[in-house]
Amino acid sequence: MDKTSQHDIEQDAALYRPLYETGKGYYVAGGIFLAIYLWALYMYYSQLRMGLGVTGMNQPVTWGFYIVNFVFFIGISHAGTLISAILRLSKAEWRRPITRMAEVITAIVLAIGGLHPIIDLGRPDRMLYLVESGRLQSPLLWDVTSITAYFTASTVYLYLPMIPDIARIRDRGGKLKWLYTFLAWGWQGTERQKHVLNRAINILMVMVIPIAISVHTVISYIFSMTLQPGWHSTIFGPYFVAGAIFSGIAALLIVMIVFRKAFHLEDYLKEIHFQYLGTLLLIMSLIWFYFTFSEYLTGIFGAEPHEMQIILYKLSGPFAIFFWGMVTCNFVIPVIILSFRRFKTIRGVLIASIAVVIGMWLERLIIVVPSLANPRMELPFGIYIPTLVEWAMFAGGVAVFALGFMVFAKFFPLISIWEIEEGRKHGVKEVEERIQSYLPGKQRSSS
């Protein structure tokens, strides 16, 4: 065995280490997130017991943190399936260490985001009304259908590429061998199985892209299909999709940097990955600014009184601090950091990504609340102040996201081992072909 192969084996062994070795920091972090989750669970119980009166929602602001967080979490889910599918489709070799992390984000965040409308109902049993007497004309029914389809497709898309790695863990033995044997579906790594797996991944890869785009487009319809000033806009579909991809890339970068540090994955998540994704984040920042500028420019140019009332409420009124904070986080900070090579380090990318996640949450807030707080009828302005219950549910959602990732990392590799090995073989084959192409004709035929 040559030194290169030995080094590769030692590197890949590091990917299994989190499954078998657990440090003190893991338990401390897990305990903190679990405590936050239990606190949120208790607060939700108090909401079920006493009703939505424990929240800050009231007339005319009947939507608050729950719908803001619903749109926010569903948007982040685009980090996974959509980005992973596009990178696979384009055959970008640098994608291999990041696709699984991206796909895990989708599965976890979709589950969290999908629960928020149920929490917002106050009475979860009313979800049955959608099944019993749902109207096809309602964007709410479209929403439930598209999210269910997206969650199903993305979960299968996460699971299928994991099968070869699950089989490797099964072959290593251990207490949970029975579980991995069941999940491996009899995988033995034959050429026939590889062919079928690759074909299934390719089919799903093509399917999930339109499904992912449709999900956030349909979510935007909940707003844009109404005649409410500030919401009734034809640009909301592509605007929401662009924002979802934008926040998704930022969330993926944060997760990559955290787990790179926590699990010592520096040999796999290299600086080039952050350079490429940082460039993509910069492009999405510019696209987001274009959509935002177009949205507000057309509203200001039209100068419709009720529309202008909401725009001024955001630009110079009570929500001005949130609006300009959104612009700073989503445009100013990312563009300054990611446009200059000296700032575009891993630390710089992390700062830009955190800013974007905060900025995109603020964007959801200023879409939902101001339009409801400024009713067209002769009613007083609405004042929305979220209560401790709503903050607890938001913190609980973040905690569940972190716990989900930590639990996943204890059972499955966060980086696809078989894809890494396949990439090495592809790289070696490519180098050999290049060498052969430079050899003289006789030498090439003899070799």
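Residues numbered from 1 in each chain as written. Predicted model: local features only at pLDDT ≥ 70, side-chain atom pairs only at ≥ 80, totals over all residues. Heavy atoms only, no water.

Thoughts on a nonpolar patch on the surface
Right, on to step 1. A grouping of Leu34, Tyr37, Leu38 and Leu41 is seen on the molecular surface, where their side chains present a nonpolar patch of about 340 Å² in accessible area.
Right, on to step 2. Note on Leu34: relative accessible area 41%, which makes it partly exposed. (Patch = residues over 30% accessible without salt bridge, like charges linked within 9 Å, V, L, I, M, F, W, Y side chains within 5 Å. Areas by Shrake-Rupley, 256 points an atom, 1.4 Å probe, with all protein chains shown as cover. Salt bridge = Lys/Arg side-chain N within 4 Å of Asp/Glu carboxyl O. Buried < 20%, exposed > 50% of the residue type's maximum accessible area, 1.4 Å probe, protein only.)

Things to note about empty space enclosed by the protein
Right, on to step 1. Evaluated as defined, the whole model comprises three cavities of 30 Å³ or more.
Right, on to step 2. In this structure, the largest cavity encloses a volume near 140 Å³.
Right, on to step 3. Sorting the residues of the lining of the largest cavity by element identifies helix H11 (236–262), helix H12 (271–302), helix H13 (305–315) and helix H15 (346–373) as the ones contributing at least two each.
Right, on to step 4. Sort the elements by how many residues they give to the lining of the largest cavity and H13 lands first, with four residues.
Right, on to step 5. By volume, the second largest cavity amounts to about 60 Å³.
Right, on to step 6. Around the second largest cavity, the lining is made up of eleven residues, and of these Leu15, Pro18, Leu265, Pro413 and Leu414 lie nearest the centre.
Right, on to step 7. The biggest single contributor to the lining of the second largest cavity is helix H1 (residues 3–20), with four residues.
Right, on to step 8. The residue inventory of the lining of the second largest cavity, partitioned by class, reads eleven nonpolar, no polar and no charged. (1 Å grid on protein atoms, 1.4 Å probe; cavity = no way out; pocket = protein on both sides within 12 Å on 5 of 7 lines; lining within 4 Å. Points joined across faces, edges and corners; volume = space filled by probe spheres on them. Helix = DSSP H or I, 4+ residues; strand = E, 2+ residues; numbered from the N terminus. Nonpolar A, V, L, I, M, F, W, Y, C, P; charged D, E, K, R; others polar.)

Concerning the pattern of salt bridges
Right, on to step 1. In total, this model carries six salt bridges according to the counting rule given.
Right, on to step 2. Put simply, Arg100, Asp165 and Arg168 are held in one network by salt bridges that share partners.

What to know about the nonpolar core
Right, on to step 1. With 131 residues, the main nonpolar core has Met101, Phe223, Leu281 and Phe405 as its most contacted residues.
Right, on to step 2. With 16 residues, H11 is the largest single contributor of residues to this core.
Right, on to step 3. Beyond its immediate chain neighbours, meaning those up to four positions away, Phe405 contacts Met101, Val104, Ile105, Ile108, Val255, Phe259 and Leu414. (Core = buried A, V, L, I, M, F, W, Y, C linked by side-chain atoms within 4.5 Å. Contact = heavy atoms within 4.5 Å.)

Regarding the environment of Leu204
Right, on to step 1. Relative to the elements of secondary structure, Leu204 occurs in helix H10 (residues 191–224).
Right, on to step 2. The class of Leu204 is buried, set by a relative accessible area of 11%.
Right, on to step 3. Separated by 50 residues in the primary sequence, Leu204 and Ser154 have C-alpha atoms spaced 8.6 Å apart.
Right, on to step 4. In this structure Leu204 touches Ala153, Val156, Tyr157 and Leu160, once residues within four positions along its chain are discounted.

This is a description of form; function is not addressed.
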